[in-house]
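Descriptive structure summary
Each chain, written out:
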Amino acid sequence: VQLQASGGGLVQAGGSLRLSCAASGLTFSRSVMGWFRQAPGKEREFVAAISWSGDSTKYTDSVKGRFTISRDNAKNTVYLQMNSLKPEDTAVYSCAVDVARIPVLSMSEWRYDYWGQGTQVTVSS
């Protein structure tokens, strides 16, 4: 299984970025996908997750209303649209996949089986 995240960069506060994560080596349409982030000196935290079909999503409270997770099963890709970015959103963002047969939108990193390498998002004030 390989996950390749991209789309990070430097943006001013209030700006937007869209992250992408391309997956291979798995049955993507039967995999819960998640985004996590880790800021310097902090533990990795859950950002968002999406169900197999994309009809169910979950977000951490701090990004609700600003971030949107989506997926394109035909392209084996999951996205994270980030709007109204704040300096506190600065972190390395990683995508992850849960290949369990019973889909659960978990906020726990321990639920996820495979991880991408991460992409840096820096929001300047």
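Rules of the game
- Residues numbered from 1 in each chain as written.
- Predicted model: local features only at pLDDT ≥ 70, side-chain atom pairs only at ≥ 80, totals over all residues.
- Heavy atoms only, no water.
- Phe/Tyr/Trp six-rings, centres within 6.5 Å; stacked < 30°, edge-to-face > 60°.
- Buried < 20%, exposed > 50% of the residue type's maximum accessible area, 1.4 Å probe, protein only.
- Lys NZ or Arg CZ within 6 Å of the ring centre and 35° of its normal.
- Helix = DSSP H or I, 4+ residues; strand = E, 2+ residues; numbered from the N terminus.
- Contact = heavy atoms within 4.5 Å.
- Polar contact = N/O pair within 3.5 Å; in protein donor to acceptor, adjacent residues only side chain to side chain.
- Core = buried A, V, L, I, M, F, W, Y, C linked by side-chain atoms within 4.5 Å.
- Disulfide = S-S within 2.5 Å.

Structural notes on the packing of aromatic side chains
Under the defined criterion, the tally for this structure stands at four aromatic pairs. On the basis of an interplanar angle of 65 degrees and a centroid distance of 6.3 Å, the ring pair of tyrosine 112 and tryptophan 115 is categorised as edge-to-face. By relative accessible area, which is 26% here, tryptophan 115 ends up partly exposed. Site record: aromatic cluster; members linked through ring pairs are Phe36, Phe46, Tyr112 and Trp115. The residue whose ring lies beneath arginine 44 is tryptophan 115, and the NZ or CZ to ring-centre distance is 3.8 Å. Over the aromatic face of phenylalanine 28 sits the side chain of arginine 71, whose NZ or CZ is 4.4 Å from the ring centroid.

A look at the side chain of serine 51
Tracing the backbone through its elements, the reader meets serine 51 in the loop between β5 (45–50) and β6 (57–59). If near-sequence neighbours (up to four positions away) are discounted, serine 51 is found in contact with Ser56, Arg71 and Leu105.

What to know about the environment of glutamine 81
Its location among the elements puts glutamine 81 in strand β8 (residues 77–82). A residue is classified by how much of its surface remains accessible, and glutamine 81, at 26% relative accessible area, is partly exposed. Along the backbone, glutamine 81 and arginine 18 are 63 residues apart, and their C-alpha atoms lie at a distance of 4.4 Å. Every residue in contact with glutamine 81, bar those within four places of it in the chain, is listed here: Ser16, Leu17, Arg18, Arg66, Phe67 and Thr68. Within the structure, the side chain of glutamine 81 is placed 2.9 Å from the side chain of asparagine 83, a separation counted as a polar contact.

Focus: the nonpolar core
Ranked by size, the top nonpolar core spans 29 residues in total, and within it Trp35, Leu80, Met82 and Tyr93 carry the most contacts. Where this core is concerned, the elements lending two or more residues are β1 (2–6), β3 (17–24), β4 (32–38), β5, β7 (67–72), β8, β9 (91–98) and β11 (119–124). Core analysis: the next-biggest nonpolar cluster, separate from the first, contains eight residues, Ala49, Trp52, Ala96 and Leu105 among them.

Notes on the state of the cysteines
Two cysteines, two sulfur atoms, one covalent bond between them: this is a disulfide. A complete count under the given rule lists one disulfide for this structure. Two residues share a disulfide in this structure: cysteine 21 and cysteine 95, whose sulfurs sit 2.0 Å from each other. On the sign convention where negative means left-handed, the S-S torsion of about 60 degrees between cysteine 21 and cysteine 95 marks this disulfide as right-handed. Here cysteine 21, found in strand β3, pairs with cysteine 95, found in strand β9; they are 74 residues apart in sequence, far enough to count as distant. The exposure class assigned to cysteine 95 is buried, which follows from its relative accessible area of 0%.

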